[in-house]
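One letter stands for each residue in the lines below.
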Amino acid sequence: MARLLQKELRKIPQVRVVYKVEANGVFAKIPRPAIAKLQKRYFFYVWNEQQSVVRWMCSFDTTEQDVRQFAEFVGETIKG
């Protein structure tokens with residue numbers, strides 16, 4: 001599911017995956033103002049505050065629908 005998340009995030013020009021996706025985590029650089037807005041709905045860690053890099057994790061029960069809904073919300077939040 002992390003690879004699917006990476007694929008969906010590539011559709012959002014303001015989001016850049018910063019590390020190769022090898023397991024269940026996706027590390028992405030996103031616009032700083034979007035972080036707090038996204039955290040109101042989803043729990044995740046800010047991996048590097050200075051560079052605005054966040055860590056999004058998928059679990060064993062994450063579905064394709066979950067990933068697509070999350071990526072859509074990220075896109076909507078960033079666009080304002």
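What you see is a predicted model; the values in this text were computed from it and never measured.

Asker: I tried to follow the side chain of Glu 8 on my own but got confused; where do I start?
Answerer: Position of Glu 8 relative to the elements: it lies in helix 1 (residues 2-9). Polar side-chain contacts of Glu 8 include one of 3.2 Å to the side chain of Lys 11.

Asker: Please clarify how the pattern of salt bridges should be interpreted in this entry.
Answerer: For side chains bearing opposite charge, pairing can occur when the charged atoms are close. Scanning all chains against the criterion turns up three salt bridges. For the salt bridge of Lys 11 with Glu 8, the shortest nitrogen-to-oxygen distance reads 3.2 Å. For Glu 8, a relative accessible area of 11% corresponds to the buried category. Close ionic contact of Arg 68 with Glu 8 constitutes a salt bridge, the shortest N to O distance being 3.9 Å. Taken together, the residues span a long stretch of sequence, with Arg 68 in helix 3 (residues 64-79) and Glu 8 in helix 1 at a distance of 60 residues. When salt bridges with common partners are traced through the structure, they connect Glu 8, Lys 11, Glu 64 and Arg 68 into a single cluster.

Asker: What should I look at first to understand helix 3 in this one?
Answerer: What sets the pattern is the α-helix's 3.6 residues per turn: residues three or four places apart point alike. With 16 residues, helix 3 extends 23 Å between its outermost C-alpha atoms, agreeing within 8% with the 22 Å of an ideal straight helix rising 1.5 Å per residue. Taken as a whole, helix 3 has its buried residues at Val 67, Phe 70, Ala 71, Phe 73, Val 74, Gly 75, Thr 77 and Ile 78. Buried residues along helix 3 sit against helix 1, helix 2 (32-39) and strand 4 (53-57). Of the residues trailing helix 3, Gly 80 is marked for its positive phi of about 90°.

How each quantity is defined
Residues numbered from 1 in each chain as written. Predicted model: local features only at pLDDT ≥ 70, side-chain atom pairs only at ≥ 80, totals over all residues. Heavy atoms only, no water. Helix = DSSP H or I, 4+ residues; strand = E, 2+ residues; numbered from the N terminus. Polar contact = N/O pair within 3.5 Å; in protein donor to acceptor, adjacent residues only side chain to side chain. Salt bridge = Lys/Arg side-chain N within 4 Å of Asp/Glu carboxyl O. Buried < 20%, exposed > 50% of the residue type's maximum accessible area, 1.4 Å probe, protein only. Expected span 1.5 Å × (residues − 1). Contact = heavy atoms within 4.5 Å.

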